[in-house]
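Each chain, written out:
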Amino acid sequence: MADQRPGESDRASALRSDRFGQLRWSHRLSLTSRILFVNVLPLVLLGGGVLYLDAYRKQLLDERFKLALVEAQITAEALAGATVQRQEALLIQIGKEQRLRLRVYGPDGNLESDSFALAPPSFDLPEPSEVDQTDLALRLDRGFDRIVGAPALPDYVEPATDDASGWPELVRAREESLTQIVLRDAPDGTHVINAAAPVGLDGDTLLLTRNPVDITESVRAARSTVLAVVLLALLVSTLLSLFLARTIVRPLRELVQAAVRVRQGRDRQVEVPRLPDRRDEIGMLARAFSDMTGALRQRIDAVESFAADVAHEIKNPLASLRSATESLAKVEDPQLRAQLLDIATHDVQRIDRLVTEISDASRIDAEMSRAEFETVDLKQLLSNIVASREEREENEGRTIALAMPEEPLVVAGVPVRLERVIDNLLDNAVSFSPPRGRIDAVLERHDGWITLTICDEGPGIPEEKREKVFQRFHSDRPEGEDFGKHSGLGLAIARTIAEAHDGTLVATSRQDGEPGACLVFGLPARR
């Protein structure tokens, strides 16, 4: 794979893939989406219901408007030229069959015929005093009109003197000789449609009045249905919210209790819940907290182990130094005293080296966390290091053979720390190489990574020990090497720096089958 890091194990890749999978699942089943859904659902249903009811009412009123317009025109044509007796018969028949009130006004504007006076009324409009203004249905009608922003309609009021001047639609119909239609509100909250149309050429005018109670009843029935659905959705939303709150609070309480116990120093007894079945933010938090606790325990163990190793490593040269200094007071032989002084000097140098390496190893993590990376040409850096070592004769007779491409190999990092890694790798190769041996340093780019492979001609590293060489104070030195020359921290420091640069450092065998070991240092190439 193009993004596989050099030397990275399959287990690390699987863990990274699982973590990415968890992130994808968390986006699908996030708490945010759930909470938004259960809270927005009732509002969406309510808003959609209100818009539907408003559109439904407008559609019904438009149909009745068209119907009233057609009825007024047809009735006016039927009345034109008919006798008074025929007109009255038509008014009674049409008014009864269509549930209308029909009135005819003469040229002078006076009322001449009224279907409600000729026959029993087909509908009855209550007086304002007869209507309970606190009626729930009436109050809901008004509230609904305010929500949808419906314009206020004029009240339907019968004029004190029933003549044409009392009806504005009649006045316009007489003036313009066109059918006019008007919508008003009845006292009981229903609608009243008035349509005025000229009758023939004699100046008579027809006023058609319809009270479409069924529209109001249909809208109220639909509103009741919508309200029931919204209330049901609100109930479901409340229950889901309580369920979500419970599923959030309980695991958070468990995590808080675990955190308190960890803070109190009883982290070894605490089993931090990982909630593997949860793929939301709570599950991610639980697993992150569990991983953090595990990392804290590992760090505590590492500190304890490091402290024990430091005490052990310093205790040996201190014991030797104390023995040498105590013997100096008792020995009078100049040659023996010189030997004891050499031992003491060697032990002091060893302690100084240990203290320097230990100090560097202990603060390198903190320094790398604050460091600012810059562009580094690894090819130029390696060339400078090799040249400097040869000038200072640090290779002790070994030959370093460089193999590098012509183009620059640029990475992001801290030059001083990258130089430390390369120096430590070369020191390790020098110490294990035979006298006048050859050390191969191969620098190359592949799959977005830049790798430096340093191979020696030494005895090699058994496969089961290739990870141990990166442990602090690991000591498996070649035969004949001066005791105490190395602290056992070089490769541990090198790997820490490599990982701080998002890189890797692993030990392998030589690819050519020859004896020796290779250390592979990989860094992401700078794009």
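Described in the following lines is the structure provided in the data block. Owing to the predicted nature of the structure, the values given are computational and were not obtained by experimental measurement.

Definitions and limits used
- Residues numbered from 1 in each chain as written.
- Predicted model: local features only at pLDDT ≥ 70, side-chain atom pairs only at ≥ 80, totals over all residues.
- Heavy atoms only, no water.
- Core = buried A, V, L, I, M, F, W, Y, C linked by side-chain atoms within 4.5 Å.
- Buried < 20%, exposed > 50% of the residue type's maximum accessible area, 1.4 Å probe, protein only.
- Helix = DSSP H or I, 4+ residues; strand = E, 2+ residues; numbered from the N terminus.
- Phe/Tyr/Trp six-rings, centres within 6.5 Å; stacked < 30°, edge-to-face > 60°.
- Lys NZ or Arg CZ within 6 Å of the ring centre and 35° of its normal.
- Polar contact = N/O pair within 3.5 Å; in protein donor to acceptor, adjacent residues only side chain to side chain.
- Contact = heavy atoms within 4.5 Å.

### Let's talk about the nonpolar core
Note on soluble globular proteins: their nonpolar side chains tend to be buried together.
Here comes step 1: In this structure, Leu378, Leu418, Leu425, Leu452, Ile454 and Phe521 are the most contacted members of the largest nonpolar core, which totals 41 residues.
Here comes step 2: Among the secondary structure elements, those contributing two or more residues to this core are α9 (334–370), α10 (378–392), α11 (415–432), β9 (438–446), β10 (449–455), α12 (490–500), β11 (504–509) and β12 (517–524).
Here comes step 3: Top contributing element to this core by residue count: α11, with seven residues.
Here comes step 4: In this structure, Leu79, Val104, Ile193 and Ala197 belong to the second largest nonpolar core, which totals 21 residues.

### Some points on the packing of aromatic side chains
Here comes step 1: Considering all chains together, one arrives at two aromatic pairs under this definition.
Here comes step 2: Considering the side-chain rings of phenylalanine 116 and phenylalanine 123, the 5.2 Å spacing of their centres and the 65 degrees angle between planes classify their relative orientation as edge-to-face. Each member of the pair, phenylalanine 116 together with phenylalanine 123, is buried.
Here comes step 3: Stacked on the ring of phenylalanine 470, the Lys or Arg arginine 495 has its end atom at 4.1 Å from the ring centre.

### Thoughts on the side chain of threonine 75
Here comes step 1: Looking at where threonine 75 falls in the secondary structure, it is placed in helix α2 (residues 31–79).
Here comes step 2: With a relative accessible area of 5%, threonine 75 lands in the buried category.
Here comes step 3: A polar atom in the side chain of threonine 75 sits 2.7 Å from the backbone oxygen of glutamate 71.
Here comes step 4: Other than its neighbours up to four places away in sequence, threonine 75 contacts Ile94, Leu102 and Leu206.

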